[in-house]
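If you want the building blocks of each chain, they are given just below.
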Amino acid sequence: MRYNKKALRIKIDYNNMMESVLGDKGISDTTFYSMAQDAQAAFEAVEAGKGKNMMGWTDLPYNQDAIVEDILATAHDIRKKYEYFVVLGIGGSALGPIAAFQACNHLHYNDLPKRKRKGPKFYVEDNVDPERMAALLDVIDINKTMFNVITKSGSTSETMTQYLIINNMLKQALGDKAKDQIIATTSVATGNLIKIAKAEGYKTFYIPDGVGGRFSELCPVGLLAAAVTGIDIKGLLAGARYMDELCNTPSLKKNPALILATLQVIAMNEGKNIGVMMPYADGLKYIADWYCQLWAESLGKNVELDGTPCNKGQTPVKSLGVTDQHSQVQLYTAGPFDKVITFIGVENYRTEVKIPNGCEEFPNVNFLCGHTMNELIQAERKATEYAITKAGKQNYTIMLPVLNEFTLGQLMYMFMLQTAYAGAMMNIDTFNQPGVEEGKNATYALLGRPGYDEKRAELANAPQKQTKYLC
Ligand code: PA5
């Protein structure tokens, strides 16, 4: 599909971060532009790093053509043969697929009759809660299911556990044909899954070496799941390319990702340790989850690039407009000055719902009649933005002309660049996740994985829990 770039460009409005609106609670132009050199350095570092080491994700908008054709052919085949498509993965191997599915498909996709769905029913298993696995098995027919096991490391306990369970069931049900119902998406060279995939003969897609989990939506991790449910993956990639084009300048007046990174870094330096992500669209609900991982794992670090100890990061919080106006906005408005709120608005929702007449005798209800839900959600977004701004709380708004593949590609890529710029300004390694690895390694040790004796001993020597603190 062709997309009109000009009409579909996403826009940012950061008035409500600034002194001109917030007075002494806002950022002055002097403070903002005093960051120009840091921003320029961050921009140059990201430019210089593109395509290298763990920045392979910057190539994805440009180098996926051949893989996209394979993905589209595979997806076509899956749509013809299967009733269910299940992703087994966690973290960066799950959150992107979930976010894109929610953003670009019908909000009750799985409940639609088959003829109204563009593909099989879609599930992502990103936990090892036994009740959830049992529940999945209650609603799918494994004989009619394609499973996509996604793990870059090929050793993540959660994903490999799910794989073991499913593979065992498939083998019992289908014998040698079990292999036809598993697709492995993993690293080409490292980890166990690639070895298993070769031994079993699975169809395989590769996660490029320089693409970390949370930056992997635009490679087969995200693209296969998206294509299976009918999402225009070429549109997603085109949107990302367009955002890359828009960000191709160190100007703090023009580069949207650099502007947002700079604002957040200033805010963090001023003690705003919480970043709320509040989209006003159910379709973007899980973009907030995806963003939370991106921002948290990338920027939460205890060491700078030169080894200097630090404790950096900003805690991301997911929130949904208007739902969370009725649970969290009291805190955002009246609570401490410790947050930046990111609103995401959508100018044109994909449908319009009119609010009918029917309450003429009750003026306090009747004022709603004759409007649309579209007008209501826009009014509530603006009203919440107003209330939060009036309370002196920093916030900015990202506006999508409409939610579709092209604008989603722009949005996700802008957040990835924003994260990379912010990490460069914070002088940390944006692309590692030693804190996650620590937990993974402790799990391996607890469950007896070979090679983890030292970690097991470390755990045994950790401070013991005292009964006086148990109640
Ligand atoms: O962003 C990351 O690298 C992590 O969150 C991983 O995606 C997550 O831990 C899953 O790892 P893997 O894909 O190796 O199973």
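Residues numbered from 1 in each chain as written. Predicted model: local features only at pLDDT ≥ 70, side-chain atom pairs only at ≥ 80, totals over all residues. Heavy atoms only, no water.

Participant: Before we go on, may I ask you to explain the side chain of Thr-262 in this structure?
Facilitator: As for its placement among the helices and strands, Thr-262 is situated in helix H13 (residues 256-269). At a separation of 2.7 Å, a polar atom in the side chain of Thr-262 contacts the main-chain carbonyl oxygen of Leu-258. When sequence neighbours within four positions are dropped, the list of residues in contact with Thr-262 reads Phe-32, Met-35, Ala-39, Leu-252 and Met-425. (Helix = DSSP H or I, 4+ residues; strand = E, 2+ residues; numbered from the N terminus. Polar contact = N/O pair within 3.5 Å; in protein donor to acceptor, adjacent residues only side chain to side chain. Contact = heavy atoms within 4.5 Å.)

Participant: How should the environment of Ala-103 be read in this particular structure?
Facilitator: The topology assignment puts Ala-103 in helix H7 (residues 95-104). Note: C-alpha distance between Ala-103 and Lys-177 (74 residues apart in sequence) is 34 Å. Leave out the neighbours within four places in its chain, and Ala-103 touches Gly-283, Arg-350, Leu-403 and Leu-408.

Participant: Teacher, can you tell me more about the site of the ligand here?
Facilitator: Near the ligand you find 14 residues, and of these Ser-93, Thr-151, Ser-153, Thr-156 and Gln-293 are the closest. Here an oxygen atom of the ligand and a side-chain polar atom of Thr-151 are 2.7 Å apart. Here Ser-153 contributes a side-chain N or O atom positioned 2.7 Å from an oxygen atom of the ligand. Out of a free accessible area of 380 Å², the ligand has 92% covered by protein chains. For the shell around the ligand, the class distribution of residues is one nonpolar, nine polar and four charged. (Near = heavy atom within 4 Å. Areas by Shrake-Rupley, 256 points an atom, 1.4 Å probe, with all protein chains shown as cover. Nonpolar A, V, L, I, M, F, W, Y, C, P; charged D, E, K, R; others polar.)

Participant: Help me understand the packing of H7 against helix H18 (residues 405-425) in this model?
Facilitator: Relative placement of two packed helices is described by the angle separating their axes and the distance separating the axes. Two elements in contact, H7 and H18, have axes whose closest approach is 10 Å; the angle formed by their N-to-C orientations is 145°. Our pair here, H7 against H18, has a crossing hand that is right-handed. Where H7 approaches H18, its residues Gly-96, Ala-99, Ala-100, Ala-103 and Cys-104 are matched on the opposing element by Glu-405, Leu-408 and Met-412. Classifying every residue of the contact of H7 with H18 by side-chain character gives six nonpolar, one polar and one charged. (Axes fitted to C-alpha atoms, helices over the stretch in contact; angles between N-to-C directions. Left-handed = near helix turned anticlockwise from the far one by under 90°.)

Participant: Explain unusual backbone geometry to me, please; I cannot follow it from the model alone.
Facilitator: Trans is the common state for peptide bonds, and a negative phi is the common state for residues other than glycine. Looking along the chain, the bond that leaves Gly-321 and enters Val-322 is cis, with omega of 0°. Non-glycine residue Asn-53 carries a positive phi angle of around 45°. Within the element layout of this structure, Asn-53 appears in the loop between helix H4 (36-49) and helix H5 (60-63). For Asn-427, which is not glycine, the phi torsion reads 60° and is therefore positive. Take Asn-427: it is sitting in the loop between H18 and helix H19 (434-446).

Participant: What is the right way to read a nonpolar patch on the surface from this model?
Facilitator: Judged by side-chain polarity, Leu-446, Leu-447 and Leu-459 come together as a nonpolar surface patch covering roughly 340 Å² of accessible area. Mapping Leu-446 onto the fold places it in helix H19. (Patch = residues over 30% accessible without salt bridge, like charges linked within 9 Å, V, L, I, M, F, W, Y side chains within 5 Å. Salt bridge = Lys/Arg side-chain N within 4 Å of Asp/Glu carboxyl O.)

Participant: Help me understand the side chain of Ser-216 in this model?
Facilitator: Turning to its location among the elements, Ser-216 is positioned in the loop between strand S6 (203-207) and helix H11 (220-228). Within polar-contact distance, the side chain of Ser-216 engages the backbone oxygen of Gly-92 at 3.3 Å. Among all residues touching Ser-216, those that are not within four sequence positions of it are Gly-92, Val-211, Val-221 and Gly-222.

Participant: Sorry, what's going on with the sheet that holds strand S12 (residues 395-402) here?
Facilitator: What holds strands together in a sheet is hydrogen bonding between their backbones, with the strands either parallel or antiparallel. Spatial strand order, S1-S12-S11-S7-S10: five strands in an open sheet with mixed pairing. Lying at the two open borders of the sheet, with one neighbouring strand each, are strand S1 (11-13) and strand S10 (315-318). Averaged over all neighbouring strand pairs, the angle between strand axes comes to 20°, with direction disregarded. In this sheet, S12 lies alongside strand S11 (residues 339-348) in parallel orientation, the contact comprising seven bridges. (Pairing = 2+ DSSP bridges.)

These values are about where atoms sit, not about what they do.
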